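Coordinate inspection notes
For reference, the chains in residue letters:
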Amino acid sequence: MGARVGLFGGMMGNASRTDPRAAAQEFGRLLAQGEEIHAAYQLIRDSFLFTDRRLILVDKQGVTGRKVEYHSIPYRAITHFSVETAGTFDLDAELKIWLSGTAEPIAKQFGKGVDVYEVQALLSTFIR
């Protein structure tokens, strides 16, 4: 049942948590020497990874998903962020990240089962 909930959440635009070790195997070529993935989230084909150095957004494009954009955001580029928890009728939590030099935030939605406080703690730890 958990896989169905994760797939349904992904179809609705909500990310679910994945194993950081599995993400490190899949995306290991993106990592610098000694860089570690602390948390990973997946949204059907797209992923985002919180490492000890940066946030990596993985955007698989097109019908086949062969074309992939890897957006690397050093934590020092993040000026501020907000976390909105899930509610009774609004079943998803939301993370917004503002980058220096941009007016619009990057917004990501999480399924109700994702601990958004963990996401906030990760950002608070790495943003200096």
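Higher on the page you've got the structure.
Structural notes, computed from the coordinates. All figures in this text were calculated on a predicted structure; none of them were measured in a lab. (Residues numbered from 1 in each chain as written. Predicted model: local features only at pLDDT ≥ 70, side-chain atom pairs only at ≥ 80, totals over all residues. Heavy atoms only, no water.)

1. Remarks on the side chain of Arg54
Note the threshold: Where helices and strands are cited, they refer to DSSP runs of H or I of at least four residues and of E of at least two residues respectively, numbered from the N terminus. Two N or O atoms form a polar contact when they lie within 3.5 Å of each other; inside protein one atom must be a possible hydrogen donor and the other a possible acceptor, and for residues adjacent in sequence the pair counts only when both atoms belong to side chains. Residues count as neighbours in contact if any of their non-hydrogen atoms are within 4.5 Å of one another.
With respect to the helices, strands and loops of the structure, Arg54 is situated in strand E4 (residues 54-61). At a separation of 2.8 Å, a polar atom in the side chain of Arg54 contacts the side chain of Glu35. Beyond its immediate stretch of four places on either side in the chain, Arg54 contacts Leu30, Leu31, Ala32, Glu35, Leu49, Ser72, Ile73, Pro74 and Tyr75.

2. Quick word on the packing of aromatic side chains
For clarity, the cut-off: Note on ring pairs: Phe, Tyr and Trp rings are taken, using the six-membered ring of Trp, and paired if centres are within 6.5 Å. Classes follow the plane angle, with under 30 degrees stacked, over 60 edge-to-face and the rest tilted. Exposure categories follow from relative accessible area, calculated using a 1.4 Å probe and restricted to protein chains: below 20% of the type maximum is buried, above 50% is exposed, and the middle band is partly exposed.
According to the stated counting rule, one finds 4 aromatic pairs in the structure shown. Ring centres 6.1 Å apart and planes at 90° place the aromatic pair Tyr41 and Phe50 in the edge-to-face group. A relative accessible area of 0% places Phe50 in the buried class. Centroid distance Phe48 to Phe50: 6.3 Å. Interplanar angle 65°. Geometry classified as edge-to-face. When its relative accessible area of 4% is taken as the criterion, Phe48 is described as buried. Following the ring pairs from residue to residue traces out a cluster consisting of Tyr41, Phe48 and Phe50.

3. Re the pattern of salt bridges
Where charged atoms of side chains with opposite charge meet at close range, the side chains can pair. The test is simple: The salt bridge criterion pairs a side-chain nitrogen of Lys or Arg with a carboxyl oxygen of Asp or Glu, the two atoms within 4 Å.
For the coordinates displayed, the defined rule picks out 4 salt bridges. Note that Lys60 and Glu26 form a salt bridge whose closest N and O atoms lie 3.8 Å from each other. Within this pair, whereas Lys60 is found in strand E4, its partner Glu26 is found in helix H2 (residues 20-27), the two being separated by 34 residues in sequence. By relative accessible area, Lys60 is classed as partly exposed at 25%. The salt bridge partner of Arg54 is Glu35, with a shortest N-O separation of 2.8 Å. On the criterion of sequence distance, the pair formed by Arg54 in strand E4 and Glu35 in the loop between H2 and strand E2 (37-43) is long-range, its members being 19 residues apart. Each of the two residues, Arg54 as well as Glu35, counts as buried.

Nothing here speaks to function; it is all geometry.
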